[in-house]
Amino acid sequence: DVSVENNGDVDTGIIIKFIAKGTISNPKVVNYDTSEYFGLNTTLQSGDEVTINTNAGFKTVKFTRNGNEINLFNTIMDGSTWLQLDQFKNIFVYEVESGDWSNLVTTFSHFDLYEGV
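Residues numbered from 1 in each chain as written. Predicted model: local features only at pLDDT ≥ 70, side-chain atom pairs only at ≥ 80, totals over all residues. Heavy atoms only, no water.

**Some details on the sheet that holds strand 1 (residues 2-6)**
Spatially, four strands are ordered 1-12-5-6 in an open sheet, and the strand pairing comes out antiparallel. Across the chains shown, the open sheet's two edge strands, defined by having one partner strand only, are strand 1 and strand 6 (37-39). Averaged over all adjacent pairs, the angle separating strand axes in this sheet is 25°, with direction ignored. As judged from the five bridges shared by strand 1 and strand 12 (residues 88-95), these two strands associate in the antiparallel manner. Residue E5 lies in a different strand from strand 12, and its bridge partner there is K89. (Pairing = 2+ DSSP bridges. Helix = DSSP H or I, 4+ residues; strand = E, 2+ residues; numbered from the N terminus. Axes fitted to C-alpha atoms, helices over the stretch in contact; angles between N-to-C directions.)

Dropping the structure here:
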């Protein structure tokens, strides 16, 4: 599991990056507390990168293989939620449908936002 802290005073979107170190399929990030998830129906090979941006106005799913970038918006799993960071601490777990989950490096980044700014 991964703990991500939002020190702002409003909820905010996140940027989730998947980097495959081996072949995996259908990666998914799950908010441990709410059970909301964001997943993709796709297979990743070693070296593939996926960047998911859940920030309002910037929602994207970008896939990069061998320097070529394509949109993976059409692979979003049914029931997925554009995950947001609640104020304070958020815990996420990630999983894969097939392949070794340790072949998936997952990073999270965000900007702390403040009401009125």
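**Some points on the nonpolar core**
Grouped together as the largest cluster of nonpolar side chains are 21 residues, with contacts concentrated most on I16, F18, L44, V50, I52 and F92. Where this core is concerned, the elements lending two or more residues are strand 3 (15-20), strand 8 (49-53), strand 9 (60-65) and strand 13 (104-109). The element that contributes the greatest number of residues to this core is strand 3, accounting for three residues. The residues touching V50, leaving out its near neighbours within four places in the chain, are I16, K17, F18, L40, L44, V61, K62, F63 and L72. (Core = buried A, V, L, I, M, F, W, Y, C linked by side-chain atoms within 4.5 Å. Buried < 20%, exposed > 50% of the residue type's maximum accessible area, 1.4 Å probe, protein only. Contact = heavy atoms within 4.5 Å.)

**Section: the environment of T60**
With respect to the secondary-structure elements, T60 resides in strand 9. Put simply, T60 and M77 are 17 residues apart on the chain and 14 Å apart in space, counted from C-alpha to C-alpha. If near-sequence neighbours (up to four positions away) are discounted, T60 is found in contact with T51, I52, N53 and W82.

**Remarks on the sheet that holds strand 10 (residues 68-71)**
The strand order across the open sheet formed by five strands is 10-9-8-3-13, and the pairing between neighbours is antiparallel. With one partner strand each, in any of the chains shown, strand 10 and strand 13 form the two edges of the open sheet. Pairs of neighbouring strands in the sheet enclose a mean axial angle of 20°, with direction left out of account. Relative to strand 13, strand 3 is paired through six bridges, and the arrangement is antiparallel. When the sheet's bridge partners are listed, I15 is paired in strand 13 with S109.

Worth remembering: the numbers are spatial, not functional.
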